[in-house]
Amino acid sequence: MIDIVEVTEIELAYISGLFDGEGTLLIGKYPRDCRKLSYRGYMAIANTYLPILEEIQSKIGGTIALQKKQTGRYAGSLCYSLTFTTNVIRKWLPRLQPYLKVKKTQAEVLLAFLSRQASNASAPVSNELLAFYEECYQRMTEIKKIRFGYVRPQVLVVSKKCAQCGKTFEHSLRTPKR
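Here's what I pulled together on the structure shown here.

Parameters at a glance
- Residues numbered from 1 in each chain as written.
- Predicted model: local features only at pLDDT ≥ 70, side-chain atom pairs only at ≥ 80, totals over all residues.
- Heavy atoms only, no water.
- Buried < 20%, exposed > 50% of the residue type's maximum accessible area, 1.4 Å probe, protein only.
- Helix = DSSP H or I, 4+ residues; strand = E, 2+ residues; numbered from the N terminus.
- Arc of directions from axis to C-beta.
- Phe/Tyr/Trp six-rings, centres within 6.5 Å; stacked < 30°, edge-to-face > 60°.
- Lys NZ or Arg CZ within 6 Å of the ring centre and 35° of its normal.
- Salt bridge = Lys/Arg side-chain N within 4 Å of Asp/Glu carboxyl O.

Every buried residue of helix H2 (residues 50-60) is listed here: Ile52, Leu53, Ile56, Gln57, Lys59 and Ile60. End-on view of H2: buried residues confined to an arc of 160°, all on one side of the axis. Looking one or two residues beyond H2, the residue adopting positive phi is glycine 61, at roughly 95°.

Listed below in structure tokens is the structure:
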């Protein structure tokens, strides 16, 4: 277990800068079973320089994992990802948010989503709450479209089989059109 140390305002600003440049804030939408979807908040920083991720981990927590080897101009270099649990996001994103520039609006949407998300992901969710989650998901998608300037995402349709009832259903994955 990593001991979390006190974080200064300067360190918060630095970590926020890394998030703006190398980080990801998103809301994922996943099939839970045949009838329902599950939504999850996600926050991560990816970088090829492991020591900086280890330093951030020592300050605010998270889990570091090795990602796939890079291609193109980054071929041969390893890339690491520091990901955060929902509780870490709830604790630290409000403290990082004042320093964010690029991802400030994404942080607002993610925090609004997390403020209403149930702590038990398998608990029943009302239709009203599902509608709110979908609204947050769509808002986050729109923010990313505007930020990256792509017009239309490509849609990959994947068939999945429900483990509970055996019924097959389709699930859409959107990827940026390049």
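We now examine the packing of aromatic side chains. Across all of its chains, the model carries 5 aromatic pairs by this definition. Joined through ring pairs, the aromatic side chains of Tyr39, Phe113, Phe132, Tyr133 and Tyr137 make up one cluster. In this structure, arginine 40 packs its charged tip against the face of tyrosine 30, placed 4.3 Å from the ring centre. Positioned over the ring face of phenylalanine 132 is arginine 116, at 4.2 Å from the centre of the ring.

This paragraph deals with the pattern of salt bridges. For the structure shown, the criterion picks out 3 salt bridges. Residue glutamate 11 is joined to lysine 59 by a salt bridge in which the shortest nitrogen-to-oxygen separation is 2.8 Å. Pair noted here: glutamate 11 is in helix H1 (residues 9-22) and lysine 59 is in helix H2, with a separation of 48 residues, a long-range link. The exposure class assigned to glutamate 11 is partly exposed, which follows from its relative accessible area of 21%. A salt bridge links lysine 29 to glutamate 134, with the shortest nitrogen-to-oxygen separation between them at 3.1 Å. Of this pair, lysine 29 sits in strand E1 (residues 23-31) while glutamate 134 sits in helix H5 (residues 127-148), and the two are 105 residues apart along the sequence. With relative accessibility at 25%, the residue lysine 29 sits in the partly exposed group.

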